[in-house]
Structures are given as structure tokens and as C-alpha cells.
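Structure assessment
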Amino acid sequence: MKTIFKYIGLFFKGIWRLITFIRVALANVIFLAAITLLYFTYTNIESSVTAPEPKASALVVNISGAIVEQATYQNPMDSFTGSLFGQDLPRENVLYDIVSTIRHAKDDQNITGIVLSLRDMPETSLTKLRYIAKALNEFKASGKPVYAVGDFYNQSQYYLASYADKIYLSPYGAVMVKGYSAYSLYYKTLLENLDINTHVFRVGTYKSAIEPFIRDDMSAEAKESASRWLGQLWGAYVDDVATNRSIDAQTLNPNMDEFVDLVESTNGDLAELSLKLGLVDKLATRQQIRQDLVEVFGSDGRDSYPYIDYYEYAASTPTKFDVNSNDVAVVVASGAIMDGPQPRGAVGGDTVASLLREARSDDKVKAVVLRVDSPGGSAFASEVIRNEIEALKQAGKPVVVSMSSVAASGGYWISMSADRIVAQPTTITGSIGIFSVITTFEKGLNNIGVYTDGIGTSPLSGIGITTGIPEKAADAIQLGINHGYSRFINLVSSNRDIPLAKMDGIAEGRVWTGQDAMNLGLVDKMGDFDDAVALAAELAKLDNYNIYWVEEPLSPAQQFIQDIMNQVRVSIGFDINSLVPAALQPAAKQMAQDMSLMQSFNDPNGQYVFCLNCQVQ
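What comes next is a walk through the structure. (Residues numbered from 1 in each chain as written. Predicted model: local features only at pLDDT ≥ 70, side-chain atom pairs only at ≥ 80, totals over all residues. Heavy atoms only, no water.)

1. Quick word on the packing of helix 3 (residues 95–106) against helix 4 (residues 126–141)
Viewed as axis vectors pointing N to C, helix 3 and helix 4 meet at an angle of 5°, and their least axial separation amounts to 9 Å. Compared by their axis directions, helix 3 and helix 4 come out roughly parallel. Listed contacts from helix 4 to Leu 95, Tyr 96, Ile 98, Val 99, Ile 102, Arg 103, Ala 105 and Lys 106 of helix 3 are Lys 128, Tyr 131, Ile 132, Lys 134, Ala 135, Leu 136, Glu 138 and Phe 139. Here the contact of helix 3 with helix 4 is composed, by residue class, of eleven nonpolar, no polar and five charged. (Axes fitted to C-alpha atoms, helices over the stretch in contact; angles between N-to-C directions. Helix = DSSP H or I, 4+ residues; strand = E, 2+ residues; numbered from the N terminus. Parallel < 35°, antiparallel > 145°, perpendicular 65-115°, else oblique. Contact = heavy atoms within 4.5 Å. Nonpolar A, V, L, I, M, F, W, Y, C, P; charged D, E, K, R; others polar.)

Given below as C-alpha cells:
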């Protein structure tokens, strides 16, 4: 018996030693990581102190990572520990920062041209790309050249490259222009096989946000709606590129037979085909490209031309702010709309409302621009934000909404009460509808021998995820959804001065482009962020003003660590996609988005104004 207890004791002692080893090892890893972070900070500070005097250089725009409306703040240790366990250290580029950096370079006598090197820029919405393209055109108008270099160009990379004076492509590369699509994964059969009951309540024939959970395919109504706005987006892309490259638009629109014939004409050589079609100007190796750019920008004495990296240049670009001028405040609403306070990357009803309230209380703020890039979410949170916009207007401060890539469903709800709404022709908006989705697990639990029973004080007290939803309770929930939809369309009707009788033809979940939305009265003007700011200043009668970004402040400690993490992201950015086979990445990304969607459902009334199919691929 003593021997048994001895072995048991040794076993637990071994377990404790293993735990201690893991704990000490993890502490050492964190310590070494902290030293690494300090090293990166020190070397960056040292390089900035000893940086040479500015000299004539080309600006290499080598954007790496997603282009966003607002940088996402994450707990720095979450980011670090996430990277240890195979998660991504997010790399983000704020759209306005990219544009303002290019504009600064236009007037900088030390910048002699731009080289677009976009190999690490992912697919990006056409609306955001057009804003960057506007800055590139302004740069070219100053007389400075723009060149594009690349081994391969994805669709978004090629769009920006088409604005260059000359496009280089590797002799073994290709231009991948495949068009726009709106595909989703559908889980109906999976949920049935798992004995999960999905209860859906909705209003709107075209409200397709919940279709992935109740169907195995896209409905005819959803396809009808999507085909219209997808066609308009693709038409805008093709027209822009064809104009930039002075080629026939049909060159970018071959049918499959024509495409096969074209590939056959160059014996499968996609680079040669790109040159033949006029998509690029020259096929050249990296060495040949550098030699050509040396002839344009001069030599740096090391088999290359003098250049400065985009991130290095952006970090040295000064911020202009006149303390004697009034402000046009900008509040960003980017991401899914959720109830309560939320971090950046989501639109927290309480968070955005507090920022709008801050702008209302600031005497220097004379007008507000709400920058919306959201497919919607919580109806309750959307109304909380809209109420603050009404309060701003009552305080005499004009509000202009600037719609980015998508401002649909809840994204439109928070926009409709503004004094003016400005959208791009390629903005996705509308989707005026509402739904609720509740999953219950009583059938699956019963199948494995787990049952729920008990007693409650009212017919509603026993409703839950393990008991299901009785028919009468479902009827009551649907009545609540009907009321929410009625309120939505009545608010649109009164705020946009659209007769209620016309709302059914505009609403019911239909998705519109910005151009269609303006024709229907949902939007006031076509324009980008610059136009929205100028309009806000005009409404406030301001001649001189600052653009003041109203954001949740970070504590000094948070800001310090965040700056360190940003430096590490730029220097050693890690991509989770590298761990997933390329063929599975689209499906993995879609599943992650769908799971993220479910996690964002936190409306206290269970009512959602969300446009899932507004995501373009």
C-alpha cells in the first residue's frame, strides 16, 4: 500500500514539476519577447536620431496589410501572445493616412516620383481604391512620374497600378483580374445534421443576411439583388482601368471561350498575354526594372535607385493643425454595430454615441462628419447612435455622413438622420430590412439523453436554448420584428422625405449602389471623404478649419506599448494565412467571418439590421 502511495506521490510530483517547467519557460519567453520589443524600439529611435539629411528620392509605396478606415486597437499582450500561438499580428493601413502621405509627397521637393510596389496589399474595396487613385492622379498632375512594379498583380493591385505612367511585370508573372462576386457558405444541412434548430424571424423579401443558416444555396431574390450591384461595381472597375490603359473595355470582359483562345495564342504564357492585351508596358526582371529606374531617378551607388520606404516616409510626415481655427470633427463607425461599449474594429453603440456627444460638447467643433464603413448589426445600438446625431443637429452643428465601401442596413440606419449623406457610386448601401435569428439545441440534447424540465411563473420563463420556442412565442417575436421594420421604414421616410408608399420598392432588404441610392433619394450627393468634409464646413460656414479625429484616447502606457507593437508589425509582421494551405484560405476566411458575425449578435431585443451579402469578393 505504501508503495502505491509512493508512486502516486511521484506521479503528482512529476506533474507539478512539468507545470513549473512550463510556467518558468513561458515567463522566460515573455521576458525575451519584452527584450526583443525594447530592442526594436531602441533601434528605431536610434535610426531616427541618426537619420541622414533628406535627399532626392523616389517614394516606394509598398503597402502591406489591410486598408481600413480606423486602426484597430488591441490589447498589446493579446497581440503578442496571439502571435506565439499561431495567430496573426494584424497589419493595418488607415486609408486617410495613405492619401495624406501621397499628397504630402506631391509637394515635397525631395520626392521625385512614386514606385508602386504592392505585392503585399490584399484585395481591397473599389471605393477605398478610388480614393487612393485620386491622390495618385494629383501626384501625377504635379509633373512627377508614377511607376508600378510587380511579379504578379491581384485585382486590387492592378487597379492602382493602372494609374501609373508605366507598368512593369515579371516575365514569369501574370495579371489576375477575375471580376467581383458575392459567394457565401451555407450551413442549413450541417445544422440539421447537428440537430440544431434555427428559428428565423425577418421582414424583407431581399433580406438575405440569415440565408446561410436556413438554406443550402442563395435565393433567387438575393441573386437578383446582388447581380445588379455587382454588375455596377465591375462596370466601374472596367471603365476606370480601360480609360487609364487606353484599351477597349471588352479586353477585361472576355467570355470563357475567348479567354481560352487568348491564352492559347501565347502558348499559355500569361505574362506575354498581359503585354499583348496592353495591361502592362514591359516585361522585365527585377534587375532590369532597377536599371530602368536608375535611369529615371539616378543611382544610389548600390545597383539601385535612391528611394524611401512608405512607412518610413509616413512616420516623418508632419501633422498640420491650426490651434486658432475651428474644427470639423470626424467620427469613424467602422465594423459591425454592437450594443454597448466596443473596441475599435466594431461599432459600439455606446462608444460611438459618446464620441458624437464629445463633439457636441466641444465649442471648437462646428460640424461633424460621420465616416461609415459598416454592414450594420444591432438595431438598438444603431438607434442609440442615431439619437446622438439628432442631438448634434438640435445643438446647431451640421452632420454629414461620408459613406465608405459599405453603409448598409444598420450602417444606413445611423446615416439617415444626417443633414447630408455623401456616398461614392461604388458604395454599397440600403438593405433596409430587419431580422432575428435564435438557435436552440433541445433536439440534439435529447438525442444524447439530456432533457430539460422544470416549472416557471409565466409562459415566457421557460423559453431558452435548451427548451426551444413554442409556436405562440414565435408569433410574438415575429410581431416584434414587424414593428421594428415598420419603425425603420417610417424613419427613412420622414428623414429622407420619401413618401411611405414608395418605401416598399426601396426597402425589403434590397441592396443598392451609391449611385442607385442617390437616384432613389437615400443619398444626397456623389463624392468621397474630401467632399463630405468640405460640405460639412460649408454648412457650418467655415473658411478655415482643422480636421479633428474624435477617438477614444489611449492611456500613456497603452499608447507606448501600442507604438512598440506597431513597429514590430511593420518589421516582422506574421500572417496566419501562411499556416493555411492556399486552396483552403477563401473557405477558412469565410467561416471565420460567419463565426465572427454570430459573435457580434448582442442586441438586447434580438433585432438586427445587418447585410451579410454586402461583402464583395
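After presenting the structure, the write-up continues.
2. Some words on the side chain of Ser 57
With respect to the helices, strands and loops of the structure, Ser 57 is situated in strand 1 (residues 57–61). A polar contact of 3.1 Å, which involves the side chain of Ser 57, links it to the backbone oxygen of Lys 55. The contacts of Ser 57, once residues within four sequence positions are left out, are Asn 110, Ile 111, Thr 112, Gly 113, Pro 306, Tyr 307 and Ile 308. (Polar contact = N/O pair within 3.5 Å; in protein donor to acceptor, adjacent residues only side chain to side chain.)

3. Let's talk about the pattern of salt bridges
Tallied over the entire structure, the rule returns 24 salt bridges. Across the pair Glu 69 and Arg 371 runs a salt bridge, and its minimum N-O distance is 2.9 Å. Remark: Arg 371 occurs in strand 15 (residues 365–374) and Glu 69 occurs in the loop between strand 2 (66–68) and helix 2 (76–84); sequence separation between them is 302 residues. A salt bridge links Lys 443 to Asp 195; the nearest nitrogen and oxygen atoms lie 3.9 Å apart. (Salt bridge = Lys/Arg side-chain N within 4 Å of Asp/Glu carboxyl O.)

4. Concerning the environment of Ser 402
In this structure, Ser 402 sits in strand 17 (residues 399–408). For the pair Ser 402 and Ser 415, spaced 13 residues apart in sequence, the C-alpha to C-alpha distance is 8.7 Å. In contact with Ser 402, other than residues within four places in its own chain, are Val 369, Leu 370, Arg 371, Val 372, Val 422, Asp 528, Phe 529 and Ala 532.

5. Regarding the nonpolar core
If you look at the biggest cluster of nonpolar residues, it comprises 75 residues, and the most contacted ones within it are Ile 114, Tyr 159 and Leu 160. Ranked by residues supplied to this core, first place goes to helix 8 (residues 220–245) with ten residues. Sequence-distant contacts of Ile 114, defined by excluding residues within four places in its chain, comprise Leu 59, Val 61, Ile 102, Leu 136, Phe 139, Pro 145, Val 146 and Tyr 147. Listed in part, the 52 residues of the second largest apolar core include Val 331, Val 365, Met 403 and Ile 481. (Core = buried A, V, L, I, M, F, W, Y, C linked by side-chain atoms within 4.5 Å. Buried < 20%, exposed > 50% of the residue type's maximum accessible area, 1.4 Å probe, protein only.)

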